[in-house]
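Chain and residue survey
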Amino acid sequence: MNHWIIVPVVLPALAATVLVLLGDRLAWQRAIGLAATVALLAVAIGLALRANAGDCWTYALGDWPAPFGIVLVLDRLAALMLLLTAIVALGSLLHALNGCDARGRYFHALFQFQLMGLDGAFLTGDLFNLFVFFEVLLIASYGLLVHGGGAERFRAGAHYVVVNLTGSALFLVAVSLLYAMTGTLNMADMALKVAGAGAADAALIRAGALLLLVVFGVKAALVPLYFWLPATYSAAAAPVAALFAIMTKVGVYAILRVSTLIFGADAGIGSAVAQPWLLPAGLVTLALGTLGALAGRTLRRLIAYLTIASVGTILAGVGLFREAAVGAALYYMAHSTLAVALLFLVADLIARGRGAAADRLERAAAVPQPALLGSLYFVSAVALAGVPPLSGYLGKLLLLQAAQGEAAAVWVWSTVLACALLTLVALSRAGSALFWHVAPMEGSPQRGRATIADALPAAALLGCLLGLAAGAQPAARYARATAEQLLHPAGYVRAVLGGAAGLSAETAGRR
Amino acid sequence: MELLVASGIGVLVASGVYLLLRSRTFPVVLGLTLLSYAVNLFIFAMGRLAPGKPPILAPGVTGYADPLPQALVLTAIVIGFGMTAFVAVLAVRARDALGSDHVDGVPDAAPERPEAR
């Protein structure tokens, strides 16, 4: 058995435990947190190279055979998400070292717990275990969100926690309903049971599937469940907001996993339950997110709305449910996660340079380094808006190509293109307000000059984005192969159940 | 039995949702608690209601209760308990920071009428 698969869960868990025990020795905390995150990135790269071979690797926890014990499964999608998480985490953590992490005692421990929850959620092959890892990442995110304190964070934090606890209650209802109908929690096994279920069970199984869609829609900030996001993301400290860029993608991941594996094309009565909802919901999310960005009064709120818009784009691609479209959506997901994280970091640099005006889009003193911050903002805005030649443009182009010939092509093309234009308008408006709408200097002493070192984490994320554009062909090929693997889940099921498939048919007979 | 359990869950959910929609944080926390009780009962019932049957293998017994939902309920109770503790602390801190226990942090403009609570 290959033990590397569990390392992305165990490593942050151990690091977090040590960090809690360390107390408030900041230098040690930084060293351990950073070492663990760098190691996580190395492991994630190794696992991604391994997953690229095209097989699903499984790891049975405690060596219990598949339908009875919990399995971790590494396929291309899981490896892609692990890699994205590690990259965004390293960028955010490096940015946090500029002093933001000193504002609370347990920042580094919570950060590692968050990584553990994220990695576990991406790896697990068990529906209830997915719930548990969701709770791990959520409770860490509750702590991270209020990191630094302040009225705005507590207000946003209370809303965020209550919304997510309600979502968790629904998640439990959905999971136990599906357990009652199929007698299993293992996702691969559940896929077989759903495919073999009779028409009498159809209504309850489909209800369970749609409840899951609602739960994951809350996490992914899908229309109409996104209202918690703008306040939360704009209230969070910059490195936390950047890390949260991957949090909405957990919802996207779960929707993708469940709707291809359990309720995929050959799921019989359970097939394509969520599919008719995804495309329209994705397009409406995209439109509303873009309109919200146009109306944003602070840069961070604007970026938060663009996060929603990017989720809409991805889910529209997933909703088309064809290999090319899902591949394009995955490529766009990698791009948008990095771009949103990057913009949150850049917004923080700008806000610190503007003193009391922070990131409000209004007339204020000029930033101390307009050339450095301006060009960082310009390139990241170009990337996020999807203007050639960067990866946002390539992702959208792939999506538009994939939509060709579909009945919904008109809607996809018009919404995606119109929203790209409006995003560009919103980002240019914000940029000109921040950099050009300058009041004469009025000696505000608390303005911080960003050093080159402060801008390095953002520059590193920008480098990853440029790499994603320069290496577009291999990246898009990987995304396409991931989509192909997702839409043909038989390999996943075989890898998880293996010789136990006959055994699980026997347990099905018992019910 | 089925009717009793089902209506019990229904009443708990209804009360929980009602409290969840209140404007003060304390009823909201209570609402979340009721909701998690309802969900725990629901998970338990999803293993089928089998009174008086053992969940683990025993000699000379033919009918069994499903042990898995009982384990799931245990996990859900632990997580729900931790979350309730956290949300209670968060509500207290938010009240300190915002000067009000309104969920939107709106300061109390006028002294509250006693019947509003």
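Everything below is about the structure printed above this text.
Residues numbered from 1 in each chain as written. Chains lettered and ligands numbered in written order. Predicted model: local features only at pLDDT ≥ 70, side-chain atom pairs only at ≥ 80, totals over all residues.

**As for the overall build of chain A**
Selection criterion: Every helix listed is a DSSP run of H or I at least four residues long, and every strand listed is a run of E at least two residues long, numbered separately from the N terminus. The size measure is the radius of gyration over C-alpha atoms, and the globule rule it meets is 2.2 Å times the number of residues to the 0.38 power. Put plainly, a residue is buried at 20 or more neighbouring C-beta atoms within 10 Å of its own, exposed at 12 or fewer, and partly exposed in between, counting only other residues' C-beta atoms, which are placed from the backbone. Contact between residues is assigned whenever the C-beta positions, reconstructed from backbone atoms, fall within 7 Å.
Helix and strand counts for chain A come out as 21 helices and four strands. On C-alpha atoms alone, chain A measures out to a radius of gyration of 22 Å, which is about the 24 Å that the 2.2 N^0.38 rule sets for 511 residues. Here the C-alpha coordinates of chain A stretch approximately 80 × 55 × 40 Å along the principal axes. Residue burial in chain A is summarised as follows: out of 511 residues, 60% are buried. Within chain A, contacts between residues separated by at least 24 positions form 80% of all contacts whose residues are at least 6 apart in sequence.

**What to know about the overall build of chain B**
A count of helical and extended segments in chain B gives three helices and zero strands. Its helices and strands taken in sequence order, chain B reads α-α-α from the N to the C terminus. Scaling as 2.2 N^0.38, a compact globule of 117 residues should have a C-alpha radius of gyration of about 13 Å, whereas chain B reaches 20 Å, well beyond that. C-alpha atoms of chain B, sized along the principal axes, occupy 70 × 25 × 15 Å. Relative to its full complement of 117 residues, chain B shows a buried share of 27%. At a minimum sequence separation of 6, the contacts of chain B that also span at least 24 residues come to 49%.

**Digging into the interface of chain B and chain A**
Applied cut-off: Note on residue categories: nonpolar means Ala, Val, Leu, Ile, Met, Phe, Trp, Tyr, Cys or Pro, charged means Asp, Glu, Lys or Arg, and polar means any other residue, Gly included.
Facing the 27 residues of chain B at the interface are 22 residues of chain A. For the side of chain B that touches chain A, the elements supplying multiple residues, two or more each, are α2 (25–45) and α3 (67–98) of chain B. Considering every element that reaches the side of chain B that touches chain A, the biggest residue donor is α3 of chain B, with 14 residues. Of the residues that constitute the side of chain B that touches chain A, the class distribution is 21 nonpolar, four polar and two charged.

**Considering the environment of serine 336 of chain A**
Residues and elements named next belong to chain A. Counting through the fold element by element, serine 336 comes out in helix α14 (residues 323–353). The exposure class assigned to serine 336 is buried, which follows from the 28 C-beta atoms found within 10 Å. Residues serine 336 and glycine 498, 162 residues apart in the sequence, show an inter-C-alpha distance of 36 Å.

**What about the nonpolar core?**
Residues and elements named next belong to chain A. Let me state the cut-off plainly: When buried Ala, Val, Leu, Ile, Met, Phe, Trp, Tyr and Cys residues are joined through C-beta atoms within 7 Å, the set is termed a nonpolar core.
In this structure, Leu338, Leu342 and Phe344 are the most contacted members of the largest nonpolar core, which totals 234 residues. It is α14 that provides the largest number of residues to this core, a total of 22 residues. Setting aside anything within four residues of it in sequence, one finds leucine 338 in contact with Ile87, Val88, Leu461, Cys464, Leu465 and Leu468.

**A closer look at the packing of helix α12 (residues 275–295) of chain A against helix α17 (residues 409–435) of chain A**
Each pair of packed helices gets described by two things: the angle between the helix axes and the distance between those axes. All names here are of chain A. Let me state the cut-off plainly: Axis lines are fitted through C-alpha atoms, for helices just across the contact stretch, and the angle between N-to-C directions can take any value from 0 to 180 degrees. In what follows, roughly perpendicular refers to angles from 65 to 115 degrees, roughly parallel to angles under 35, roughly antiparallel to angles over 145, and oblique to any angle outside these ranges. In this scheme the crossing of two helices becomes right-handed for a clockwise turn of the near helix relative to the far one and left-handed for an anticlockwise turn of less than a right angle.
Between α12 and α17, the shortest axis-to-axis distance is 9 Å and the interhelical angle comes to 15°. Considered as vectors, α12 and α17 are oriented roughly parallel to each other. The handedness of the crossing between α12 and α17 is left-handed. Judged by residue contacts, Leu283, Leu286, Ala287, Thr290, Ala293 and Leu294 of α12 engage Trp411, Val412, Thr415, Cys419, Leu422, Thr423, Val425 and Ala426 from α17. For the contact of α12 with α17, the class distribution of residues is 11 nonpolar, three polar and no charged.

**Observations concerning helix α18 (residues 452–470) of chain A**
Counted only if it meets this: Consider a residue and the seven residues that end there alongside the seven that start there; fitting an axis to each set, the bend is the angle between those axes.
For α18 of chain A, the principal kink sits at alanine 458 of chain A and spans about 30°. Contacts made by the buried residues of α18 of chain A are with α3 (76–96), α14, α15 (370–385), α16 (391–403) and α19 (472–487) of chain A.

**Points about unusual backbone geometry**
Across residues other than glycine, the phi torsion is negative in most instances, and most of the peptide bonds are trans. Between valine 223 of chain A and proline 224 of chain A the backbone carries a cis peptide bond, its omega angle lying at -5°. Note that proline 224 of chain A resides in the loop between α8 (202–220) and α9 (229–235). The step from proline 388 of chain A to proline 389 of chain A runs through a cis peptide bond, and the omega angle for that step is 10°. Relative to the helices and strands, proline 389 of chain A is located in the loop between α15 and α16. A positive phi is found at alanine 221 of chain A, a non-glycine position, where the angle reads about 65°. Topologically, alanine 221 of chain A is positioned in the loop between α8 and α9. Within the chain, arginine 48 of chain B stands out as a residue other than glycine whose phi angle is a positive 70°. With respect to the helices, strands and loops of the structure, arginine 48 of chain B is situated in the loop between α2 and α3. Given 12 C-beta atoms within 10 Å, arginine 48 of chain B falls into the exposed group.

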